[in-house]
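# Structural overview
These are the residues of each chain, in order.
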Amino acid sequence: MAAFYNGPPNGVPYFPQIPSPIVRPPISAIPFGLQALYDRCAFVYPNQPNPLQVTAVVKYWLGGPDPLDYISMYLNEGDPENGIAPHWHYVSFGLSDLHGDGRVHPITDATNPSGFGFELTFRLKKEESEQNPPTWPAAVMQALAKYVFQTGNILCSGDHVSWHCPLDNSESRIQHMLMTEDPQLGTTPTPFGPVTFIQIVGVCLEELQSAQQWNGLGVIDLIKSVPTAGGPWLITDMRRGETIFEIDPEMKEAVDDGIATEGSNLSGVSARCSYSKYEASTSSDQEEDEEVEQKESKAKKEKCPSSSRQQ
């Protein structure tokens, strides 16, 4: 026989009790230290909330090779009327404490510097045809960050770095770096301590030598006064073919006067040294080497008898 439902007993409807959902506070996907740095960049670039980024595929705290988690690349329109050319502005994230949980840097409070106390920036002059920023500055910044993590030596305003090759692996004369505080980002507070943005400034050999003999900040001030060499915001132009001393010979006199009156503020030099074991050769080894050299020389002459006339 079919059963029929005649409604709830006593005419009272039954509603099963549904457990109330557990309300948890929202979890931020962005670490607090990183968010503070993003906020500082957003203050300078309010119209670029999502800039292009170079990201470490495997984070340093997971065993990856690159200490910087992210490098953001902003387009800065500059101010041509005041000698500030359009440029790309690179900002690193990773030298300071982004997480505050000890995974990379020791845990500290807000009264001490966050991590190493600084992040790196770099301003590269924009070419008219460029639609996207070059990524080679990110490699330079990662290399500098590796030096800091491996040695514990921080980079401060006025420091210099001898690189000894073009920063972009071209034929450029810009082969070394000076450090100064970023003119726009400066120093900002974070939950894990203050962070200073230290800007990399590409320089020629002669400018580096002047910084070594005198002081970095003095040379930085001279570069600021030359629009084609960097201008007020110290924008690196990899196509620059002249030093500030070739552009304005009076700059050399300013350096000489500074050395004479102030001396040099160079307080230390970091260097990496290597060596190999040298084994003194015996007389029999020397005789064998000379015999081999004679045979090789004879073979070359027999193979190319007219080479001396072709020079």
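Residues numbered from 1 in each chain as written. Predicted model: local features only at pLDDT ≥ 70, side-chain atom pairs only at ≥ 80, totals over all residues. Heavy atoms only, no water.

Here we take up the overall build of the chain. If you tally the helices and strands in the chain, you get seven helices and eight strands. Looking at the chain residue by residue over its 311 residues, the buried ones come to 37%. For the chain, the accessible area works out to roughly 19300 Å², and carbon and sulfur atoms hold 53% of it. (Helix = DSSP H or I, 4+ residues; strand = E, 2+ residues; numbered from the N terminus. Buried < 20%, exposed > 50% of the residue type's maximum accessible area, 1.4 Å probe, protein only. Areas by Shrake-Rupley, 256 points an atom, 1.4 Å probe, with all protein chains shown as cover.)

This paragraph deals with a nonpolar patch on the surface. Taken together, the side chains of Val57, Val58, Tyr60, Trp61 and Leu62 make up a nonpolar region of the molecular surface, amounting to roughly 500 Å² of accessible area. One can find Trp61 in the loop between β1 (52-55) and β2 (70-76). (Patch = residues over 30% accessible without salt bridge, like charges linked within 9 Å, V, L, I, M, F, W, Y side chains within 5 Å. Salt bridge = Lys/Arg side-chain N within 4 Å of Asp/Glu carboxyl O.)

Moving on to unusual backbone geometry. The phi angle at His164 is positive, at roughly 65°, despite the residue not being glycine. Examined against the element boundaries, His164 turns out to sit in the loop between β5 (160-162) and β6 (176-181). Take His164: its relative accessible area is 59%, and that puts it in the exposed class. The phi dihedral of Leu234 is positive, around 55°, even though this residue is not glycine.

Looking now at the pattern of salt bridges. Taken as a whole, this structure holds eight salt bridges when the rule is applied. Close ionic contact of Asp101 with Arg103 constitutes a salt bridge, the shortest N to O distance being 2.6 Å. Several salt bridges converge on common partners, so that one network encompasses Arg173, Glu206 and Glu246.

Moving on: helix α6 (residues 250-262). Taking 1.5 Å of rise per residue, 13 residues should cover 18 Å, and α6 covers 18 Å from first to last C-alpha, within 8% of that figure. Met251, Val255 and Gly258 are the residues of α6 that are buried. Seen along its axis, α6 keeps its buried residues to an arc of 60°; they face one direction. Exposed and oriented more than 90 degrees from the buried face of α6 are Glu250, Glu253, Asp257, Ala260 and Thr261. Of the surrounding secondary structure, the elements contacted by the buried residues of α6 are α3 (205-213), α4 (216-224) and α5 (244-247). Phi turns positive one or two residues past the end of α6, at Gly263, with a value near 75°. (Expected span 1.5 Å × (residues − 1). Arc of directions from axis to C-beta. Contact = heavy atoms within 4.5 Å.)

Turning next to the environment of Ser264. Mapped onto the elements, Ser264 comes out in the loop between α6 and α7 (283-303). Judged by relative accessible area, Ser264 falls into the partly exposed class, the value being 40%. The sequence separation of Ser264 and Trp214 amounts to 50 residues, and the corresponding C-alpha distance is 4.3 Å. In this structure Ser264 touches Gln212, Gln213 and Trp214, once residues within four positions along its chain are discounted. Within the structure, Ser264 has its side chain in polar contact with the backbone oxygen of Trp214 (distance 3.3 Å). (Polar contact = N/O pair within 3.5 Å; in protein donor to acceptor, adjacent residues only side chain to side chain.)

Now for the packing of aromatic side chains. Counted according to the given criterion, the structure contains six aromatic pairs. Ring geometry for Tyr38 and Phe93: centres 5.1 Å apart, planes at 75°, overall edge-to-face. Here the residue Tyr38 occupies a position in helix α1 (residues 32-44), and Phe93 occupies one in strand β3 (residues 87-93), the gap between them amounting to 55 residues. Assigned by exposure class, Tyr38 and Phe93 land together as buried. These aromatic residues form a ring-pair network of at least three members: Tyr60, Phe116 and Phe149. Positioned over the ring face of Phe245 is Lys252, at 5.8 Å from the centre of the ring. (Phe/Tyr/Trp six-rings, centres within 6.5 Å; stacked < 30°, edge-to-face > 60°. Lys NZ or Arg CZ within 6 Å of the ring centre and 35° of its normal.)

Another point: the confidence of the model for the chain. Predicted confidence across the chain gives a mean pLDDT of 86, with 77% of residues reaching 70 or more. Confidence over residues 1-5 falls short of pLDDT 50; this stretch has zero contacts with residues more than four positions distant or in other chains. Between residues 300-311, whose pLDDT stays under 50, and residues either more than four places distant or in other chains, the model counts zero contacts. (pLDDT = per-residue confidence, 0-100.)

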